[in-house]
Amino acid sequence: MSEELLVKQCAPTLAGIKTGSLFPCPCDDRESLLADIRRLNRLLVPKGLCLLPIRYRDDHALLYLYRPAELRRDLESGMARDILQKAGYRCDGCQRCVARLIRRFREEGEFPHEVGLFLSYPPEDVKGFLEHRPCKCVGCWKVYENEEAAKKTFAKYKACTRVYCRQLASGIDIERLTVAG
């Protein structure tokens, strides 16, 4: 897996302005991909990030890069806990929630609707999606509540990705691009 793919897909998470990113990655050789994930985790874990394979399908893997400390905080909100409990999660730890999410991806095949809680989506927008309400706008996610704040966040993520891709192309490596958290 290339560092270019990781930066292009996960720059806001690497920069510390987003809790997690979920992205597809070409995977012709599972062992080779796992070796790349281990290599990247040696660089990222000391900075407070973790990269995990979520599932494999055909010639792609679905990977999740996240900041456990931030995810723990995100999942502690009352609305997030309520959504997760209704989806069958035991909210007794961040790692257990990630493990449950992985099981849901692998068992059900579809994207579990609560996945947004693991990606910095506002819980009220995840709830709006689950309730099939009409959304106010669509960007990185469907927005059901604070449209203005969401649009600012979308612009911030886009600018961050542009800057990080430029920095990687100029020779700054992934370790230096990753903000410690």
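Conventions adopted
- Residues numbered from 1 in each chain as written.
- Predicted model: local features only at pLDDT ≥ 70, side-chain atom pairs only at ≥ 80, totals over all residues.
- Heavy atoms only, no water.
- 1 Å grid on protein atoms, 1.4 Å probe; cavity = no way out; pocket = protein on both sides within 12 Å on 5 of 7 lines; lining within 4 Å.
- Points joined across faces, edges and corners; volume = space filled by probe spheres on them.
- Helix = DSSP H or I, 4+ residues; strand = E, 2+ residues; numbered from the N terminus.
- Nonpolar A, V, L, I, M, F, W, Y, C, P; charged D, E, K, R; others polar.
- Pairing = 2+ DSSP bridges.
- Axes fitted to C-alpha atoms, helices over the stretch in contact; angles between N-to-C directions.
- Contact = heavy atoms within 4.5 Å.
- Buried < 20%, exposed > 50% of the residue type's maximum accessible area, 1.4 Å probe, protein only.
- Parallel < 35°, antiparallel > 145°, perpendicular 65-115°, else oblique.
- Polar contact = N/O pair within 3.5 Å; in protein donor to acceptor, adjacent residues only side chain to side chain.
- Left-handed = near helix turned anticlockwise from the far one by under 90°.

Notes on the layout of surface pockets
Piece 1. Its volume calculated, the largest pocket comes out at about 540 Å³.
Piece 2. As for the largest pocket, its lining consists of 28 residues, of which Lys18, Leu119, Tyr121, Cys140 and Trp141 are closest to the centre.
Piece 3. Elements represented by at least two residues in the lining of the largest pocket include exactly α1 (3-14), β1 (20-26), α6 (123-130) and α7 (147-169).
Piece 4. Within the lining of the largest pocket, the residues separate by chemical class into 18 nonpolar, 5 polar and 5 charged.

Concerning the sheet that holds β1
Piece 1. If you walk across this open sheet you meet the 3 strands as β1-β3-β2, and the pairing is antiparallel. Only two strands of the sheet have a single neighbouring strand rather than two, namely β1 and β2 (50-57). In this sheet, neighbouring strand axes are inclined to one another by 25° on average, regardless of whether the strands run parallel or antiparallel.
Piece 2. Sheet topology places β1 next to strand β3 (residues 60-66); 7 bridges connect them, and they run antiparallel. Directly across from Cys25, in β3, lies its bridge partner Ala61.
Piece 3. Where α1 meets the sheet, it contacts β1 and β3, and its direction lies at approximately 175° from that of β1.
Piece 4. Lying over the sheet, helix α2 (residues 30-44) contacts β1, β2 and β3, oriented at roughly 165° with respect to β2.

What to know about unusual backbone geometry
Piece 1. With phi around 55°, Asp58 is a residue other than glycine that occupies positive phi space.
Piece 2. The residue Asp58 is located in the loop between β2 and β3 in this model.
Piece 3. Here Asp58 falls in the exposed class, since its relative accessible area comes to 79%.
Piece 4. At His132, a residue that is not glycine, the phi angle is positive and equals roughly 60°.

Some remarks on the pairing of β3
Piece 1. Of all 7 residues in β3, 6 are buried, a share of seventy percent or more.
Piece 2. Relative to β3, β2 runs antiparallel, the two being bridged by 7 bridges. In the sheet register, Leu51 faces β3, and the bridge partner there is Leu65.

Brief notes about the packing of helix α3 (residues 68-75) against helix α5 (residues 94-108)
Piece 1. Where α3 meets α5, the closest approach of the two axes is 9 Å, and the angle between their N-to-C directions is 90°. In terms of axis orientation, α3 runs roughly perpendicular to α5. On α5, the residues that touch Pro68, Leu71, Arg72 and Leu75 of α3 are Cys94, Cys97 and Val98.

Description of the environment of Thr13
Piece 1. By the element assignment, Thr13 lies in helix α1.
Piece 2. A relative accessible area of 0% places Thr13 in the buried class.
Piece 3. Residues Thr13 and Ala180, 167 residues apart in the sequence, show an inter-C-alpha distance of 11 Å.
Piece 4. Those residues in contact with Thr13, other than ones at most four positions away along the chain, are Lys18, Thr19, Gly20, Ser21, Leu49, Leu65, Tyr66 and Arg67.
Piece 5. Engagement of the side chain of Thr13 in a polar contact is seen with the side chain of Ser21, the distance being 2.6 Å.

Thoughts on the packing of helix α4 (residues 78-86) against α6
Piece 1. Two elements in contact, α4 and α6, have axes separated by 9 Å at closest approach and are oriented at 35°. The element α4 and its partner α6 pack so that their crossing is left-handed. Seen from α4, the contacting residues are Met79, Ala80 and Ile83; seen from α6, they are Pro123, Glu124, Val126, Lys127 and Leu130.

The values reported here are purely geometric and, on their own, carry no functional implication.
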